[in-house]
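# Geometric and topological summary
Here's the letter readout for the chains.
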Amino acid sequence: MDKIRFFDRKLLVMSLCAGIALASTAFADDAANDPVATRMKAMDTNLDGMVSKDEYMTYAKSRFDAMDTDHDGQVTTTEMDASRKDAMKGKTVAAQRVSSATTIKLMDANNDGMLSAEEHATAAEKEFNAMDTNHDDQLSMDEMRIGRDAQRAIHGRDGEKPL
């Protein structure tokens, strides 16, 4: 009888462990398919679960540098289109919400049709400050989600305000 109880308990513990492992895997899969979680993971270099202003600005600079393929300090619509296409490889998502031309136009302070590193950094800092609703110079996952949702509501598809 004691052997049966021991095996029943062992089976129960093993079942619970298997359930936890499956739930953890499902959670990891959800996080892998969550663009905000993916973006936050890429930015959070000190792994504290928050994105500091420095981490955000460093990530923004790395994104600019990756887009500026000819390294002239300017990003054109062609360069941005190519960068977006590379980033979307293997993913099935809805059509791009805002075109590269519109994205550049929204940040192009001198209206030359290109995005400079300074214009990009200025826009990134404004974006960070707008998302940092509690003004602690840190972005939580919730602040990043709210910021993404607000951008979608403001810009709609292709940068035009929704009707």
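This text goes with the structure placed above it.
Residues numbered from 1 in each chain as written. Predicted model: local features only at pLDDT ≥ 70, side-chain atom pairs only at ≥ 80, totals over all residues. Heavy atoms only, no water.

### Topic: the side chain of D132
Basically, it comes down to this: Secondary structure elements are defined from DSSP: runs of H or I of at least 4 residues count as helices, runs of E of at least 2 residues count as strands, and each element is numbered from the N terminus. A simple rule labels every residue: compare its accessible area, found with a 1.4 Å probe on the protein chains alone, to the largest value its type can have, and call it buried under 20%, exposed over 50%, or partly exposed in between. Charged-residue counts in this description rest on Lys and Arg as positive and Asp and Glu as negative, His and the chain ends being excluded. One speaks of a salt bridge when a side-chain nitrogen belonging to Lys or Arg is within 4 Å of a carboxyl oxygen belonging to Asp or Glu. Only heavy atoms enter the contact rule, under which two residues are in contact if any of them lie within 4.5 Å.
By secondary structure assignment, the location of D132 is in the loop between α6 (117-131) and β4 (138-139). As a buried residue without a salt bridge, D132 has its nearest oppositely charged side chain in K53, at a separation of 6.8 Å. Sequence-distant contacts of D132, that is, excluding residues within four places in its chain, are made with D137, Q138, L139 and E143.

### Details of the packing of helix α4 (residues 77-87) against helix α5 (residues 100-107)
Operational definition: Each axis is a line fitted through C-alpha atoms, and for a helix only the stretch in contact is used; angles between axes span 0 to 180 degrees, taken between their N-to-C directions. To sort the angles, those under 35 degrees are grouped as roughly parallel, those over 145 as roughly antiparallel, those from 65 to 115 as roughly perpendicular, and the leftovers as oblique. What makes a crossing left-handed is the near helix being turned counterclockwise from the far one by less than a right angle; a clockwise turn instead makes it right-handed.
Contact geometry of α4 with α5 gives a least axis separation of 9 Å together with a crossing angle of 120°. By the angle between their directions, the pair α4 and α5 is classed as oblique. Note on packing geometry: the crossing formed by α4 with α5 is right-handed. Within the contact between the two elements, α4 uses T77, M80, D81 and R84 and α5 uses S100, A101, T103 and I104.

### Quick look at the pattern of salt bridges
Opposite charge on two side chains permits pairing when their charged atoms draw close. If you walk through the whole model with that rule in mind, you get 4 salt bridges. Between R39 and E127 there is a salt bridge; the shortest N-O distance is 3.6 Å. With R39 in helix α2 (residues 35-43) and E127 in helix α6, this pair connects stretches of sequence that are 88 residues apart.

### Observations concerning the packing of helix α3 (residues 53-67) against α6
Defined as follows: Ten residues, namely Ala, Val, Leu, Ile, Met, Phe, Trp, Tyr, Cys and Pro, are considered nonpolar, four, namely Asp, Glu, Lys and Arg, are considered charged, and the remaining ones, Gly among them, are considered polar.
Viewed as axis vectors pointing N to C, α3 and α6 meet at an angle of 145°, and their least axial separation amounts to 10 Å. Both α3 and α6 take part in a crossing whose hand is right-handed. Residues K53, Y56, M57, A60, F64 and M67 of α3 touch α6, and the partners they reach there are A117, H120, A121, A124, E125, E127, F128, N129 and M131. A per-class count over the contact of α3 with α6 returns 10 nonpolar, 2 polar and 3 charged.

### Considerations on the nonpolar core
Generally speaking, soluble globular proteins have nonpolar side chains that are buried together. The following threshold applies: Within this scheme, the nonpolar core is defined by two criteria: the residues are buried Ala, Val, Leu, Ile, Met, Phe, Trp, Tyr or Cys, and they are joined through side-chain atoms within 4.5 Å.
Among the nonpolar cores identified, the biggest contains 11 residues, and these are V36, M40, M43, V51, Y56, A60, A124, F128, M131, L139 and M144. Those elements that provide at least two residues to this core are α2, α3 and α6. Not counting residues up to four positions away in its chain, the partners in contact with Y56 are R39, M43, V51, A124, E127, F128, M131 and L139. The next biggest cluster of nonpolar side chains, apart from the first, holds 6 residues, and it includes V75, M80, I104 and L115.

### Some words on the environment of R39
Going by this rule: Within 3.5 Å is the distance limit for a polar contact, defined as a pair of N or O atoms, with the added protein rule that one can donate a hydrogen and the other accept it, and that residues adjacent in sequence qualify only through two side-chain atoms.
By relative accessible area, which is 30% here, R39 ends up partly exposed. In contact with R39, not counting residues within four places along its chain, are Y56, Y59, E127 and M144. Of the polar contacts made by the side chain of R39, one reaches the side chain of Y56; its length is 3.4 Å.

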